[in-house]
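Fold and contact review
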Amino acid sequence: MSDPGPVAWPPAPIRTERLVLRAAEARDRMTFIELLASADVHTYLGGPRSRDELERETPEVPARWPGSFVVEAEGAMIGQLLLRRAPEHARPAAAGKVDLGYLFLPRAWGHGYAGEACTAALGRLAEALPGEPVVLHTQTANARSMRLAARLGFTEVERFRAWDAEQWLGIRCPA
């Protein structure tokens, strides 16, 4: 499928029963820092970043680029969802495809928010780019992400070693 070119950003918020997916705002800055500095969040992502470094480097309005959504519940940021095109130098099965990624604060785990947010974002993507395949990477040790990938309809393409751990690459091809 051809790339439609630049995407207008920010888009209209995506609303679900419990969540709003929207562009980042200045009020989200401290939550972004919390998310990126969390050892729990980054257990399977190479470890957290230093809070001091994040406070110096995080702009007033963080992560405001096409494909980056703040996930909000009850008026507060609980996570981030990313839909971005994988670079051409990525694994061959992923190169050039839309890559789904997400991070949620530990207090948001276990409530179904990640599944709800991903389903909504994938629905919006399917409207904008019908038939576009989507890839997802996770460590095989990340049981929660592996279960979510299966629920979202991703099927295994390959397993490989990177960052001293076994990685899983799945693909979701719309019908």
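So, here is what we can say about the structure in this document.

Turning our attention to empty space enclosed by the protein. Applying the stated criterion across every chain yields a total of one cavity of 30 Å³ or more. The calculated volume of the largest cavity comes to roughly 40 Å³. Lining the largest cavity, in full, are Leu122, Leu125, Ala126, Leu129, Glu132, Val134, Arg172 and Pro174. It is helix 3 (residues 113–128) that provides the largest number of residues to the lining of the largest cavity, a total of three residues. Among the residues making up the lining of the largest cavity, the classes are represented as six nonpolar, no polar and two charged.

This brings us to the state of the cysteines. Applying the stated criterion across every chain, the model contains zero disulfides. With no disulfide partner, cysteine 118 has as its closest neighbouring cysteine sulfur the one in cysteine 173, 17 Å distant.

Another point: the side chain of threonine 31. Its place among the elements puts threonine 31 in helix 1 (residues 29–37). When its relative accessible area of 15% is taken as the criterion, threonine 31 is described as buried. Leave out the neighbours within four places in its chain, and threonine 31 touches Met77 and Leu105.

The subject of this paragraph is the sheet that holds strand 2 (residues 19–22). The strand order across the open sheet formed by eight strands is 1-2-3-4-5-6-8-7, and the pairing between neighbours is mixed. Of all strands in the sheet, those with a lone pairing partner are strand 1 (14–15) and strand 7 (155–162), marking the two edges. Pairing geometry for strand 6 (residues 134–139) and strand 8 (residues 165–172), over six bridges, is antiparallel. Counted as the bridge partner of valine 135 is isoleucine 171 from strand 8. Sheet strands touched by helix 3: strand 1, strand 2, strand 3 (68–73), strand 4 (76–85), strand 5 (98–104), strand 6 and strand 8. Its angle to strand 5, the strand with the most contacts, is close to 150 degrees.

This part is about the pairing of strand 4. In the case of a regular strand, side chains alternate between the two sheet surfaces. Counting buried positions along strand 4 gives seven out of 10 residues, so the element sits mostly inside the fold. Note that strand 3 and strand 4 share six bridges and pair antiparallel. Looking across to strand 4, one finds that valine 70 is bridged to glutamine 80. With antiparallel pairing between neighbouring strands as the criterion, strand 3 and strand 4 make up a hairpin whose turn holds two residues, including glutamate 74 at a positive phi of roughly 50 degrees.

Rules of the game
Residues numbered from 1 in each chain as written. Predicted model: local features only at pLDDT ≥ 70, side-chain atom pairs only at ≥ 80, totals over all residues. Heavy atoms only, no water. 1 Å grid on protein atoms, 1.4 Å probe; cavity = no way out; pocket = protein on both sides within 12 Å on 5 of 7 lines; lining within 4 Å. Points joined across faces, edges and corners; volume = space filled by probe spheres on them. Helix = DSSP H or I, 4+ residues; strand = E, 2+ residues; numbered from the N terminus. Nonpolar A, V, L, I, M, F, W, Y, C, P; charged D, E, K, R; others polar. Disulfide = S-S within 2.5 Å. Buried < 20%, exposed > 50% of the residue type's maximum accessible area, 1.4 Å probe, protein only. Contact = heavy atoms within 4.5 Å. Pairing = 2+ DSSP bridges. Axes fitted to C-alpha atoms, helices over the stretch in contact; angles between N-to-C directions.

These values are about where atoms sit, not about what they do.
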